[in-house]
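An overview of the molecular structure
Given next are the chains, with one letter for each unit.
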Amino acid sequence: MTKNFSQTAAFIWSVADLLRGDFKQSQYGRIILPFTLLRRLECVLEETKAAVVAESERIADMGLPEEAQEKFIIRASKRPFYNTSPMDLSKMGQSDIKDNLNTYVQSFSKDAREIFEHFKFEEFVGQLADANLLYKVVRMFATTDLSPEKISNHEMGFVFEELIRRFAESSNETAGEHFTPRDIVRLTTSLVFMEDDDALTKDGIIRTIYDPTAGTGGFLSSGMEYVLELNPDAVMRTYGQELNPESYAICKADMLIKGQEVNNIKLGNTLSSDQLAGEQFDYMLSNPPFGVDWKKISGEIKDEHEQKGFDGRFGAGLPRVSDGSLLFLMHLLSKMRPIVSNEQSDEQSTVNSNQGSRIGIILNGSPLFTGGAGSGESEIRRYILEADLLEAIIALPTDMFYNTGIATYVWVLSNKKAAARRGKVQLIDGSNLYSKMRKSLGSKRNEMSDDDIKTIIRSFGDFEVVDARVLDKPEEVKSNRGRQSANPKAEPAKTFASKIFATHEFGYRRITIERPLRLSAQLSDDAIETLRYAPKPFDMVMPALYEAFGSEWTTDRYGDLSAVTLEARAMIKADFSELKEKQIKDVLDAKLWQDQLEIMNKAKALQAVIGSSQFDDYNEFEKVIKQALKDADVNLDAKEKKQLMDAITWKNPDAEPVIKKAVKVANPLYGAFSYKPANSDKPAKIVEFQTDSDLRDYENVPLNPNVTTTELIESYFAREVQPHVPDAWINSDKTDVIDEEIGIVGFEIPFNRHFYVYEPPRPLAEIDADLDAVSREIMQLLGEVHS
């Protein structure tokens, strides 16, 4: 067998030829992967097998618990795993092979045995036996030499990864949930590790790498591969957690093959049950699921947020339940190693890296901009940017993943930024760095070449602005079906660009702009007539009932529907089905009608005193109606007064503003105006106005750390708002929870806006020519139909 891992993997995968017809293509990996692991473990253990069997027999009658037995046997095995059976694949005859194989697997140590359980190995062994294929598969693997002498742990890792890739691609309908494409893994790994290349080449290096959504272990393997290529003597310790049992089994098997401590790979939901709580890591890589809601675990997440705050993982805030991507990001931030002092750093930098951490995480577009100022998403972005943890965001091409074609981004974060990067964020537009695949794999239609990856890495490493430059990429092949335009729109050039921003440039302060309420009032007959009917939810049903049955009512029996209850109820059920039973009973009760009649009569009494003239100064009208209530001896409770005012007033931009209260000091920027009504001889007074919620507006003022908040918002208001709406003011009650200053701080990263290039539309003459051509073609076709 060749040591070329691709050829070795292809040879092992040829077992699929035996399975074809009896098993689905998506099941091949579920058989080939555990058999490959089984054969590899068997070959690794061959040297000490006799000693392990002898030791197992020696302690068998000692009555020791399994944990104690393991300590004795591991000492004999000289490996972190073992198998106490005298059998191996080559000794299994055709008869009873199913039982023998299951017994053989059960003889492994606990960690290895658990992997086969999660693969559901026994179930597939039964299916192979039923199809009369078990013996053939066993014989094929028994004759495959996977010994350490032939294939090192490092090379065997490559073989297993290639098998995982083939498995993922053969079942690409679910691959995206558990498998990140190799090109994206290479790019993300390089971005995270490249800043530490010098440190990683030192002697005695020990580093940890963690993936909270480990999947099949692609990121963990890639991180190990990157470091070992730089420094073959480095010690890499991998940690991970995975929700899917099958992916967990594959990841754990991969780590076992590579000689890793498999106890560090955990099964379970990372967000609701962090099984590596308290641990911190040097490097973290993750591709969490895109747009997956966290409703099922919302109780645990909210409890941790509220009870632990920043002592937990989610102190910065919580995103909306429909997308948990930012929860994974906050989880990773909680695992960062702190920066040690300069005195400690020299002695600890090589052995136990307490020099901070670096993170690479793949997210969709939502975490960049979803959520306005004060929202959970904005507060999370605020925490990241104000703590200066974000180094770069790289836009990837679309159609890069097996189960989605949406736009995706790599976020690179660190708490040990280089001096040149402090206070800055680099945005790299790599969305055009791709080539079309010859054959699509699910939604994956594009791939990044080594040159594409190097372009991004070089730009990241140089940390320089790159103006949009045209890439040497072939034009997209367009469909030639249907009618083609005589003047087709030119395709925009494929470009690459990089921009650098100060962290505060993504922030803004949202101020609330208020305007005064302006009301007119009139006790008109039409307005008074509306008081015959109660407000919502009765405002539609009561007029209908009155029209149908009200003509028969007398003054002493007003609202009496007792004689027509069945007809009235039937009409309500047919035309107003949204009403609940209690509301139906209320509207059929004469009391509701009589209460409304009383309000209407009170309004008529007021009209007799005031008249039906229109008032465009509500402040004056309030005085008039107050006096009219006394003169007409009318009493209105709060509910009646509200209904009356709602009926006889309306918003009028030409009316005088409604005064809220008088104040002592004028400050028009914040709503304290010197006011004198039109056509009034009285002196002006300083007042605050009632606000009109319909005219309320919000302005996002870009942050500027060089000026105070007061200067920032007042200069913006004077420049951008006041010239256009002189009666507006800033609501000083709306303040930020954290800094308690006016306005609510928000952060967003409008990636596409920063790289948008305006494309002018085609000349009108060309568009007209196309329309004329289409019109002629239509007329010609119509002529052929009628001829």
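One can find the structure itself at the top, above this paragraph.
Overview of the structure. (Residues numbered from 1 in each chain as written. Predicted model: local features only at pLDDT ≥ 70, side-chain atom pairs only at ≥ 80, totals over all residues. Heavy atoms only, no water.)

Below, the discussion takes up the sheet that holds strand β17 (residues 673-675). Across the sheet, which stays open at both edges, the 3 strands sit in the order β16-β18-β17 with antiparallel pairing between neighbours. This sheet does not close on itself; its edge strands, each paired only once, are β16 (659-662) and β17. Sheet twist, expressed as the mean angle between neighbouring strand axes with direction ignored, is 55°. Two elements, β16 and strand β18 (residues 685-689), share 3 bridges in a ladder whose sense is antiparallel. Across the sheet, the residue bridging to Ile659 is Phe689, located in β18. (Pairing = 2+ DSSP bridges. Helix = DSSP H or I, 4+ residues; strand = E, 2+ residues; numbered from the N terminus. Axes fitted to C-alpha atoms, helices over the stretch in contact; angles between N-to-C directions.)

The 10 strands are arranged β3-β2-β1-β4-β5-β7-β6-β8-β12-β11 in an open sheet whose pairing can be described as mixed. Strands with a single pairing partner mark the edges of an open sheet, and in this sheet they are β3 (265-267) and β11 (466-470). Put simply, the sheet's adjacent strands are angled 15° from each other on average, direction ignored. Here strand β1 (residues 206-211) pairs with strand β4 (residues 283-286) via 2 bridges, running parallel. When the bridges of β4 are listed, Tyr210 appears paired with Met284. Each of β2 (235-242) and β3 is contacted by helix α15 (residues 245-257), which is oriented at about 165° to β3, the strand it contacts most. The strands touched by helix α17 (residues 325-333) are β1, β4, β5 (358-364) and β7 (408-414); relative to β5, the strand with the most contacts, the crossing angle is about 180°. (Contact = heavy atoms within 4.5 Å.)

What follows concerns the pairing of strand β12 (residues 495-502). Within β12, 6 of the 8 residues are buried, leaving the element largely enclosed by the surrounding structure. As paired strands, β11 and β12 are joined by 3 bridges and run antiparallel to one another. Opposite Val466, over in β12, you have Ser498 as the bridge partner. (Buried < 20%, exposed > 50% of the residue type's maximum accessible area, 1.4 Å probe, protein only.)

A separate point is the packing of aromatic side chains. Taken as a whole and judged by the stated rule, the model has 23 aromatic pairs. Between the aromatic rings of Phe35 and Phe121, the centroid separation amounts to 5.1 Å while the plane-to-plane angle is 70°, which identifies the pairing as edge-to-face. Of the two residues, Phe35 is situated in helix α3 (residues 28-45) and Phe121 in helix α8 (residues 121-130); the sequence distance between them amounts to 86 residues. The interplanar angle of 15° and the centroid separation of 4.4 Å between the aromatic rings of Tyr210 and Phe281 together place this pair among those described as stacked. (Phe/Tyr/Trp six-rings, centres within 6.5 Å; stacked < 30°, edge-to-face > 60°.)

Turning next to the side chain of Glu225. Within the secondary structure, Glu225 sits in helix α14 (residues 218-230). Other than its neighbours up to four places away in sequence, Glu225 contacts His154, Phe158 and Arg182.

Next up on the list: the side chain of Arg313. Positionally, Arg313 belongs in the loop between α16 (298-308) and α17. Of note is the side chain of Arg313, whose polar atom sits 2.5 Å from the backbone oxygen of Leu271. When residues no more than four places from it in sequence are discounted, the contact partners of Arg313 are Thr270, Leu271, Asp274, Glu304, Met330, His331 and Ser334. (Polar contact = N/O pair within 3.5 Å; in protein donor to acceptor, adjacent residues only side chain to side chain.)

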